[in-house]
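What follows is the residue order along each chain.
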Amino acid sequence: MSDTTPTPSVGTLFLVATPIGNLEDITARALRVLREVSLVAAEDTRVTRKLLAHFDIHTPLTAYHEYSTDAKENALLARLLHGDSVALVSDAGTPAISDPGAELVAVAIRNGVRVEPIPGACAVIAAVIGSGLPTGRWTFEGFLPRPKSDRRERLGEIARESRTMIFYEGPHRLKETLTDLQKTFGPDRPACVAREVTKKFEEWVRGSLTEISAHFDANEPRGECVIVVSGRTEGEVVPDAPDAVSPESLICAALERGLTPKDAAREVAAATGMSRNDAYTLVQSLRGA
Ligand code: SAM
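Because the structure is a prediction, the values reported are computed rather than measured.

K.L.:
Kindly report on the side chain of Arg151, identifying the contributing residues and their values.
P.N.:
Assignment of secondary structure puts Arg151 in helix H6 (residues 148-158). Owing to a relative accessible area of 2%, Arg151 belongs among the buried residues under this scheme. A polar contact of 3.3 Å, which involves the side chain of Arg151, links it to the side chain of Thr177. Beyond its immediate stretch of four places on either side in the chain, Arg151 contacts Leu144, Pro145, Arg146, Glu169, Arg173, Glu176, Thr177 and Asp180.

Printed below as a string of structure tokens:
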């Protein structure tokens, strides 16, 4: 155990949550801190400048994002050690949750800097509490890995999870991810997609994974989404791993959802890594059978 007791003369690193859509979702304390600190370290200074301007705050800004160098981190640390307080914000929601920040926090703590979160909007919390699914125990998965093999591996690891699971996803990959989740947890698993939470077109789609997929087949997803999936219930049989579900059963499920053979082939090709031609040939042979 190392001694990381904050030194009184150094500044504080504040981790300030900002709105995930609705600008009213910022706390009075967050506004005070953003006004009082010497510097705001922002994921994208253009985004944060607009937020600060809206609240008539004129604190200097600097960039701190996932590509920031060690030199940038050291410069922020130097400011903190010199006695300046810094507020870290991301583009939206809570910093260090699927956003930059965790590394800076670790460095600050190692160097005896006081770290103080200013809690507020966070997409995972909003989604889990609005989902209608069990909230007693849940696990945050963030974004699934993008490469197919890593994604399958991760899904295989959590296939038997009994806690509610939460995933972040953008609109472009939502349908593909829902297909992967069906393969892993089975088509009937209760789930919820929370889309554009706190924004004008906020939408909550609740039902089985198959029903939710069908909804987004009919309504092209737009905006940011959180997927909440119920955990395995006692005795429930789940596919061993994503690969355990055959392309044939995926095709049948896709056709049952009303997809055209072409769309079914496209979806199954995306989910399994087979070529679209092979998937289409398989669709046609299954329809023939
Ligand atoms: N740190 C942020 C937080 O936890 O609030 C999340 C940042 S992460 C880069 C962005 C992802 O958060 C989106 O892809 C989406 O999954 C989720 N998200 C953020 N805002 C959202 C909103 N208003 N509605 C639904 N999901 C949202």
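K.L.:
How would you summarise the pattern of salt bridges if you had to cite specific residues and measurements?
P.N.:
For side chains bearing opposite charge, pairing can occur when the charged atoms are close. Taken as a whole, this structure holds 18 salt bridges when the rule is applied. Between Arg29 and Glu116 there is a salt bridge; the shortest N-O distance is 2.7 Å. Here Arg29, found in helix H1 (residues 28-36), pairs with Glu116, found in strand S5 (residues 114-118); they are 87 residues apart in sequence, far enough to count as distant. Judged by its relative accessible area of 34%, Arg29 is partly exposed. Under the relative-accessibility criterion, Glu116 is labelled buried at 18%. Across the pair Glu116 and Arg114 runs a salt bridge whose closest N-O atoms are separated by 3.0 Å. Members of the salt-bridge network, linked through shared partners, are Arg151, Glu169, Arg173 and Asp180.

K.L.:
Would you mind going over the packing of helix H3 (residues 70-81) against helix H4 (residues 102-110) in detail, with residue names and values included?
P.N.:
Closest axis-to-axis distance for the H3/H4 pair is 11 Å, and the angle between their directions is 45°. Looking at the two axes, H3 sits oblique to H4. You can see that H3 and H4 cross each other, and the crossing is right-handed. Contacts between H3 and H4 pair Glu73, Leu76 and Leu77 from the former with Glu103, Leu104, Val107 and Ala108 from the latter. Of the residues contributing to the contact of H3 with H4, the split by class is 5 nonpolar, no polar and 2 charged.

K.L.:
I'd like a description of the packing of aromatic side chains, backed by residues and values.
P.N.:
Tallied over the entire structure, the rule returns 2 aromatic pairs. Centre to centre, the rings of Phe140 and Tyr168 are 4.9 Å apart; their planes meet at 70°, and the pair counts as edge-to-face. You can see Phe140 sitting in strand S6 (residues 138-143) and its partner Tyr168 sitting in strand S7 (residues 164-169), a full 28 residues away along the chain. For Tyr168, a relative accessible area of 10% translates into the label buried.

K.L.:
Describe the nonpolar core, with residues and values.
P.N.:
Membership of the largest hydrophobic core comes to 18 residues, with the highest contact counts inside it found for Phe167, Leu178, Leu181, Phe185, Val193, Ile227 and Val229. Contributing elements (two or more residues each) for this core: H6, S7, helix H7 (174-185), strand S8 (190-195), helix H8 (209-218) and strand S10 (225-229). Ignoring any residue separated from it by four or fewer positions in sequence, one finds Val229 in contact with Leu133, Arg163, Thr164, Met165, Phe167, Leu181, Phe185, Arg189, Pro190, Ala191 and Leu209. Within the second largest apolar cluster, 17 residues are counted, among which are Leu31, Leu34, Val37 and Ile118.

K.L.:
So what's going on with unusual backbone geometry? Which residues, and what values?
P.N.:
It is generally the case that most residues other than glycine have a negative phi and that most peptide bonds are trans. A positive phi is found at Asp56, a non-glycine position, where the angle reads about 55°. Examined against the element boundaries, Asp56 turns out to sit in the loop between helix H2 (45-54) and strand S3 (61-63). The phi dihedral of Ala96 is positive, around 75°, even though this residue is not glycine. Mapped onto the secondary structure, Ala96 falls in the loop between strand S4 (86-89) and H4.

K.L.:
So what's going on with the site of the ligand? Residues and values would help.
P.N.:
Taken together, 19 residues lie around the ligand, and Thr94, Ile97, Asp99, Tyr168 and Cys225 are the ones closest in. One of the side-chain nitrogen or oxygen atoms of Asp99 is found 2.8 Å away from a nitrogen atom of the ligand. Contacts to the ligand include Glu224, whose side-chain N or O atom sits 3.4 Å from an oxygen atom. Relative to its unbound accessible area of 580 Å², the ligand is 92% covered by the protein chains. Secondary-structure elements contributing two or more residues to the shell around the ligand are S7 and S10. Split by residue class, the shell around the ligand holds 11 nonpolar, 3 polar and 5 charged.

About the cut-offs
- Residues numbered from 1 in each chain as written.
- Predicted model: local features only at pLDDT ≥ 70, side-chain atom pairs only at ≥ 80, totals over all residues.
- Heavy atoms only, no water.
- Helix = DSSP H or I, 4+ residues; strand = E, 2+ residues; numbered from the N terminus.
- Buried < 20%, exposed > 50% of the residue type's maximum accessible area, 1.4 Å probe, protein only.
- Polar contact = N/O pair within 3.5 Å; in protein donor to acceptor, adjacent residues only side chain to side chain.
- Contact = heavy atoms within 4.5 Å.
- Salt bridge = Lys/Arg side-chain N within 4 Å of Asp/Glu carboxyl O.
- Axes fitted to C-alpha atoms, helices over the stretch in contact; angles between N-to-C directions.
- Parallel < 35°, antiparallel > 145°, perpendicular 65-115°, else oblique.
- Left-handed = near helix turned anticlockwise from the far one by under 90°.
- Nonpolar A, V, L, I, M, F, W, Y, C, P; charged D, E, K, R; others polar.
- Phe/Tyr/Trp six-rings, centres within 6.5 Å; stacked < 30°, edge-to-face > 60°.
- Core = buried A, V, L, I, M, F, W, Y, C linked by side-chain atoms within 4.5 Å.
- Near = heavy atom within 4 Å.
- Areas by Shrake-Rupley, 256 points an atom, 1.4 Å probe, with all protein chains shown as cover.

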